[in-house]
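What follows is each chain in one-letter form.
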Amino acid sequence: MDSSLGKTRSRLRVSARSRTQAGSAIVEGAFVLLPMLALMFAMADFPLGIFIQNTLREAVREGVRFAITQQTGSNGQDAAILSVVESYSMGFLSSAGITAGTETFTITYYAGTTLNAVTGVGSNAGGNICVVTATIKHTWMAPVWQTLHLITLVASSSDVMEPPPGGVIPAR
């Protein structure tokens, strides 16, 4: 008889203990789950940022390669260079983003002998240096890294302009 009474008391203690600890299991799970999710987002977010940076660098390089060969389109050489960079950037750089101000794109020409910036007609002449620069602001997937939640990715490339075929400098 004493053994059955002891078993009943221990069952009551176990059930009372499990009822009081049921809420703590949920809280402990949340304490573990939130840092794990942050790490999972970081494992996806950092490689994505590196991928965007590498894509932007390659797009700018291709834009400079296009520029130094003095190729042009119907809207002028600068518009053709922008078009090439946009096509290689996989949509990360776009005219809409440039217009909105979230992205920037610049083409600067420097005199090959003095390294002074040159503008206007003839700035894209052979022997001058063409510098193409693009900037993208990337938003983190999970806003846990910084207060502004933006990272600015910049890519720049330069090369010396070739003399134009036939000696005619294309319009900028």
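Above this text you will find the structure in question.
Residues numbered from 1 in each chain as written. Predicted model: local features only at pLDDT ≥ 70, side-chain atom pairs only at ≥ 80, totals over all residues. Heavy atoms only, no water.

Caption draft 1: Quick look at the packing of aromatic side chains. Applying the stated criterion to the full structure yields one aromatic pair. Pairing F51 with F92 gives two aromatic rings, centres 6.1 Å apart and planes at 80°, and the pair type is edge-to-face. Linking F51 in helix α1 (residues 2-68) with F92 in the loop between α2 (77-88) and α3 (95-100), this pair joins segments that are 41 residues apart in sequence. (Phe/Tyr/Trp six-rings, centres within 6.5 Å; stacked < 30°, edge-to-face > 60°. Helix = DSSP H or I, 4+ residues; strand = E, 2+ residues; numbered from the N terminus.)

Caption draft 2: Region of interest: the pattern of salt bridges. Evaluated as defined, the whole model comprises four salt bridges. As a salt-bridge pair, D78 and R172 come within 2.8 Å of each other at their nearest N and O atoms. Taken together, the residues span a long stretch of sequence, with D78 in helix α2 and R172 in the segment after β4 (150-160) at a distance of 94 residues. Accessibility expressed as a relative area gives 19% for D78, which makes it buried. Several salt bridges share partner residues, and in doing so they unite E58, R61, E62 and R65 into one network. (Salt bridge = Lys/Arg side-chain N within 4 Å of Asp/Glu carboxyl O. Buried < 20%, exposed > 50% of the residue type's maximum accessible area, 1.4 Å probe, protein only.)

Caption draft 3: Structural view of unusual backbone geometry. The phi torsion at Q70 lies on the positive side, around 60°, for a residue other than glycine. Tracing the backbone through its elements, the reader meets Q70 in the loop between α1 and α2. Positive phi outside glycine occurs at L115, with the angle close to 65°. Within the secondary structure layout, L115 lies in the loop between β1 (103-110) and β2 (117-118). Judged by relative accessible area, which is 55%, L115 ranks as exposed.

Caption draft 4: Summary view of the nonpolar core. In terms of nonpolar packing, the biggest core is built from 23 residues, with I81, V85, F105, I107, C130 and V132 touching the most fellow members. For this core, the secondary structure elements donating two or more residues are α1, α2, β1, β3 (129-139) and β4. It is α1 that provides the largest number of residues to this core, a total of eight residues. (Core = buried A, V, L, I, M, F, W, Y, C linked by side-chain atoms within 4.5 Å.)

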